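Single-letter residue listing:
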Amino acid sequence: MARRHDRLRELGWLATGAAIGGPAPLLLALVALALPASLAGGFGLAVFAGVVWMCRRLAGVQRRRAAAVLGCPVPSPYRQPPSGSWARLRTVLGDPGTWRDLAWLACQFIVGLGSLVLCVGLWLGAAQCVTAPVLRVLLPEPTGFDPAVLEWTGRSGPLTWILVPVGIGLAALAYLLPRHLVRGQARLAAILLGPTTAARLSARVDGLTATRTAAVDASASELRRIERDLHDGAQARLVALAMNLGVAEDVIDTDPAGAKALLVEARAGAGVALTELRDLVRGIHPPVLADRGLAAAVEALALNSAFRVGLDLRLHRRLAAPVEAAAYFAIAEAVTNAIRHSGGRQVNVTLVDTEKTLHITVYDGRGGADPSRGTGLLGIQRRLSAFDGTLRISSPSGGPTTLDMRLPCAS
């Protein structure tokens, strides 16, 4: 029953494909008439704009259908139109996606209609061949033919029975062919309706430029943070330590008790400064991350957290140091956000190494997280994008908040 349902769905898919390509002759004829007419007035431009709008709607439907068949999205290739009617029109006319839509529509008319006619014809031919012996019995004998011909094609003729295996073969072909025709139409849509190689390269260059800019900004921001922490923290304590030691040196002969108190205070200040320096170094690159790897560093992060952190770590190898650092700080930022903003009592971290991708999931909280507000989620996204990583956020109003991070980590 499931296979029969799949075959019916495939025939329905082919019928829909033929229907999508059906308006092609009319739309292409309108384009041929509208382009010369557009030089004389606005009516031709209006007709051309309507045709482009219809073509893009049909192409959008076919992209979604192709994505469902191929299992991967077919991106839209259109340029972003600027404001203003004339500027928008020039962009549409100069956009290769506009003319590729028209080329696809012409191909879809031929391929879609041909695929449907072929499949229906195969089923009809198979039915006619298989039922040929029955039809010969029910129908009267033809007259006026050569007896030798009637000997082959009559009720007891061998040709009638030879058609039965031919019909079975046609039925088998009609059963198996639609799925390949469906995938062929989907691939045609992916080739003609998706972005070209040049467009993909241009988008890739733009993405890398934006990623590089974000990485440079993040590095400069991190350096400013380190400088601020050193200036306001350890440096100020070391200056106070030097002053206490100087005063103690001046009064050690006249006021030994006061000098001793100053030395005790200086020793305490040195300890606090040392702790702040260790925390600062740990914030730059934790020693446990360099020595024992990402899994151990995440375990140490969970142990030192004021929040209960549930761990599911499935990582059994060392990754490249930059990848480990990016993953660690993304997890640390996500856990920090959960501690600050979630209403739960536990945050859960899952870390799975799939050989090609490091899959990180951090979930808990009351929901309602907004990436556009605050810098925590934006910082995670910026950190991952430097390695072609991705961040997906699911945060419904009632919770929980789930951060799904993917980080390429192939050897």
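Residues numbered from 1 in each chain as written. Predicted model: local features only at pLDDT ≥ 70, side-chain atom pairs only at ≥ 80, totals over all residues. Heavy atoms only, no water.

A short note on the overall build of the chain
For the chain, the count of helices and strands is 14 helices and 5 strands. Every one of the 411 residues in the chain was classed for burial, and the buried ones make up 34%. Excluding contacts between residues fewer than 6 apart, the proportion of contacts in the chain whose partners are at least 24 apart in sequence is 69%. In the form shown here, the chain has an accessible surface area of approximately 24,300 Å², with 63% of it arising from carbon and sulfur atoms. (Helix = DSSP H or I, 4+ residues; strand = E, 2+ residues; numbered from the N terminus. Buried < 20%, exposed > 50% of the residue type's maximum accessible area, 1.4 Å probe, protein only. Contact = heavy atoms within 4.5 Å. Areas by Shrake-Rupley, 256 points an atom, 1.4 Å probe, with all protein chains shown as cover.)

Overview of the sheet that holds strand β4 (residues 390-394)
Pairing in this open sheet of 5 strands is mixed, and the strands run β1-β2-β3-β5-β4 from one edge to the other. Two strands bound the open sheet, and with one partner strand each, they are β1 (308-314) and β4. Between one strand axis and the next, the sheet turns by 10° as a mean value, whatever way the strands run. The sheet contact formed by β1 and strand β2 (residues 346-353) spans 7 bridges and is parallel. From the neighbouring strand, L313 faces β2, where its bridge partner is L351. Strands in contact with helix α12 (residues 294-303) are β1, β2 and β3 (357-364); relative to β1, the strand with the most contacts, it is inclined by about 170°. (Pairing = 2+ DSSP bridges. Axes fitted to C-alpha atoms, helices over the stretch in contact; angles between N-to-C directions.)

Section: the nonpolar core
In this structure, L294, L358, I360, V362, I380, L403 and M405 are the most contacted members of the largest nonpolar core, which totals 36 residues. Sorting the residues of this core by element identifies α12, α13 (321-341), β2, β3, α14 (376-385) and β5 (401-408) as the ones contributing at least two each. For this core, the leading source of residues is α13, giving 12 residues. With residues near it in sequence (within four places) discarded, M405 still touches A330, L358, H359, I360, V362, I380, L384, T390 and L391. C55, A59, A186 and A189 belong to the second largest nonpolar core, which has 23 residues in total. (Core = buried A, V, L, I, M, F, W, Y, C linked by side-chain atoms within 4.5 Å.)

Description of the side chain of T361
Within the secondary structure, T361 is located in strand β3. Classification of T361 as buried rests on a relative accessible area of 15%. Within the structure, the side chain of T361 is placed 3.5 Å from the side chain of H359, a separation counted as a polar contact. Beyond its immediate chain neighbours, meaning those up to four positions away, T361 contacts N348, V349, T350, T402, L403 and D404. (Polar contact = N/O pair within 3.5 Å; in protein donor to acceptor, adjacent residues only side chain to side chain.)

Some details on a nonpolar patch on the surface
A cluster of nonpolar side chains, L35, L93 and W99, forms an exposed patch at the surface whose accessible area comes to about 230 Å². Summarising the element assignment, L35 is placed in helix α2 (residues 24-38). Of the residues examined, L35 reaches a relative accessible area of 32% and is grouped as partly exposed. (Patch = residues over 30% accessible without salt bridge, like charges linked within 9 Å, V, L, I, M, F, W, Y side chains within 5 Å. Salt bridge = Lys/Arg side-chain N within 4 Å of Asp/Glu carboxyl O.)

Points about the side chain of S115
With respect to the helices, strands and loops of the structure, S115 is situated in helix α5 (residues 96-130). Look at S115 and you get buried, because its relative accessible area is 5%. When sequence neighbours within four positions are dropped, the list of residues in contact with S115 reads L14, L181 and Q185.

Quick notes on the packing of α12 against α13
A pair of packed helices is captured by two measures, namely the crossing angle of their axes and the spacing between those axes. Closest axis-to-axis distance for the α12/α13 pair is 10 Å, and the angle between their directions is 20°. Taken together, the axes of α12 and α13 are roughly parallel relative to one another. When the axes of α12 and α13 are compared, the crossing they make is right-handed. Residues L294, A297, V298 and L301 of α12 form the contact with α13, whose participating residues are E324, A327, Y328, I331 and A332. Residue classes in the contact of α12 with α13 are distributed as 8 nonpolar, no polar and 1 charged. (Parallel < 35°, antiparallel > 145°, perpendicular 65-115°, else oblique. Left-handed = near helix turned anticlockwise from the far one by under 90°. Nonpolar A, V, L, I, M, F, W, Y, C, P; charged D, E, K, R; others polar.)

Description of the confidence of the model for the chain
Averaged over every residue, the pLDDT of the chain is 79; residues scoring 70 or more account for 83%. In the model of the chain, helix α7 (residues 147-153) stands out as the element of lowest mean pLDDT, 51, in contrast to α5, which has the highest, 89. (pLDDT = per-residue confidence, 0-100.)

Considerations on the pattern of salt bridges
Here the structure, examined in full by the defined rule, presents 7 salt bridges. Here D353 and R317 are joined by a salt bridge, their closest N and O atoms 2.6 Å apart. Placement of D353 in strand β2 and of R317 in the loop between β1 and α13 is noted, with a sequence separation of 36 residues between them. Residues R392 and D404 are paired through a salt bridge, measuring 3.6 Å at the closest nitrogen-oxygen approach. Of this pair, R392 sits in strand β4 while D404 sits in strand β5, and the two are 12 residues apart along the sequence. Judged by relative accessible area, which is 56%, R392 ranks as exposed. Where salt bridges share partners, they join R392, D404 and R406 into one cluster.

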